[in-house]
Amino acid sequence: MNRRTILKVAGLGALQMLLGVGCNAAEPTSGGATTKPSDEGADMNKTVKVKVYNKAGELVGPIEMPKVVKTDAQWKAQLTAKQYEIARAKGTEPAFCGNLLDNHEKGVYTCICCGLPLFSSEGKFNSGTGWPSFFQPVADGNVIEHEDSSYGMVRTEVLCARCDCHLGHVFDDGPRPTGLRFCVNSESIGFTASGKLASLADSAAEGVAATNPSR
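Below is a summary of the structure that appears in this document. These numbers were taken from a predicted model, which means no experiment stands behind them. (Residues numbered from 1 in each chain as written. Predicted model: local features only at pLDDT ≥ 70, side-chain atom pairs only at ≥ 80, totals over all residues. Heavy atoms only, no water.)

## Quick notes on the sheet that holds strand 3 (residues 107-111)
In step 1: Spatial strand order, 4-3-11: 3 strands in an open sheet with antiparallel pairing. Looking at which strands have only one partner, the edges of the open sheet turn out to be strand 4 (117-120) and strand 11 (189-193). Each strand axis lies, on average, 30 degrees off the axis of its neighbour in the sheet, ignoring direction.
In step 2: One ladder, built from 3 bridges, connects strand 3 with strand 4; its direction is antiparallel. Within the sheet, the bridge partner assigned to valine 108 lies in strand 4 and is serine 120. (Pairing = 2+ DSSP bridges. Helix = DSSP H or I, 4+ residues; strand = E, 2+ residues; numbered from the N terminus. Axes fitted to C-alpha atoms, helices over the stretch in contact; angles between N-to-C directions.)

If you want it as structure tokens, here you go:
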């Protein structure tokens, strides 16, 4: 049985358990970025349209704003070593080890790098894979996808739309209504409880009120 078959049958989380991979270890990166890095100078002039929270704790937009672009040195200074290894170097935390896997509070999950809202507790479910799983993002434009052909497999990588933080991968074996499973690393996201969403207020949302509750 080859690696791809094992992954399909048992799942990466089960495979790590069989191999005795502990919580202090992390799946190594692919030896390079899983998506071709953009030119840093060009990215500084790019904008994205995403939804953010206003001071009333309402998700508003989409609002056009600049991409967040930093050097590796700046990311390393901002993030912990584990966060950098996963969020910027595209590693994977060991299954069943993430601190947000069993979080059942109501609230919003944000990008650990730039704070962009990414997922809601309303879209979170127990996939049994060992990683926080969601069937949809908090807003369609806030999470982007790229083809990932590392490790001899073809997967769909998911990233933060504003800063290209590596979140994990998305698969088509999720629950209704989307049938999707966004498999996300805890190290790539933060959590804010529902009662504190106003603390996520983005300056770009100043004076913008929620007008449409749809995604």
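More follows now that the structure is in view.
## A few points about the pairing of strand 9 (residues 166-171)
In step 1: Most of strand 9 is tucked away: 5 of the 6 residues are buried.
In step 2: Where strand 8 (residues 155-160) meets strand 9, 4 bridges bridge the pair, whose relative direction is antiparallel. Within strand 9, the residue paired with threonine 156 across the bridge is valine 170.
In step 3: Hairpin remark: strand 8 followed by strand 9, antiparallel, with 5 residues in the connecting loop; positive phi at aspartate 164, about 65 degrees. (Buried < 20%, exposed > 50% of the residue type's maximum accessible area, 1.4 Å probe, protein only.)

## Side note on helix 4 (residues 81-88)
In step 1: Taken residue by residue, helix 4 has Gln83, Tyr84, Ile86, Ala87 and Arg88 as its buried positions.
In step 2: Among the structural elements, helix 3 (72-78) and strand 9 are those in contact with the buried residues of helix 4. (Contact = heavy atoms within 4.5 Å.)

## A few points about the nonpolar core
As a rule of thumb, soluble globular proteins bury nonpolar side chains together.
In step 1: If you look at the biggest cluster of nonpolar residues, it comprises 31 residues, and the most contacted ones within it are Cys111, Leu118, Phe119 and Leu167.
In step 2: When contributions to this core are tallied by element, the ones reaching two or more residues are strand 1 (47-53), strand 2 (59-66), helix 4, strand 3, strand 4, strand 8, strand 9 and strand 10 (181-184).
In step 3: Ignoring any residue separated from it by four or fewer positions in sequence, one finds phenylalanine 119 in contact with Val108, Tyr109, Phe134, Gln136, Pro137, Val138, Val143, Leu167, Phe182 and Val184.
In step 4: Counting 6 residues, the second largest nonpolar core, distinct from the first, contains Tyr53, Val108, Val138 and Ala139. (Core = buried A, V, L, I, M, F, W, Y, C linked by side-chain atoms within 4.5 Å.)

## Some remarks on the environment of asparagine 45
In step 1: Tracing the sequence through the fold places asparagine 45 in the loop between helix 2 (40-43) and strand 1.
In step 2: The exposure class assigned to asparagine 45 is exposed, which follows from its relative accessible area of 66%.
In step 3: Sequence spacing of asparagine 45 and proline 66 is 21 residues, and the spatial spacing of their C-alpha atoms is 7.1 Å.

## Thoughts on unusual backbone geometry
In step 1: The linkage connecting glycine 61 with the following residue, proline 62, adopts the cis geometry, with an omega of 10 degrees.
In step 2: The residue proline 62 is located in strand 2 in this model.
In step 3: Between arginine 176 and proline 177 the backbone carries a cis peptide bond, its omega angle lying at 10 degrees.
In step 4: Position of proline 177 among the secondary structure elements: in the loop between strand 9 and strand 10.
In step 5: With phi around 65 degrees, phenylalanine 96 is a residue other than glycine that occupies positive phi space.
In step 6: In this structure, phenylalanine 96 sits in the loop between helix 4 and strand 3.
In step 7: At tyrosine 151, a residue that is not glycine, the phi angle is positive and equals roughly 60 degrees.
In step 8: Within the secondary structure, tyrosine 151 sits in the loop between strand 7 (143-148) and strand 8.

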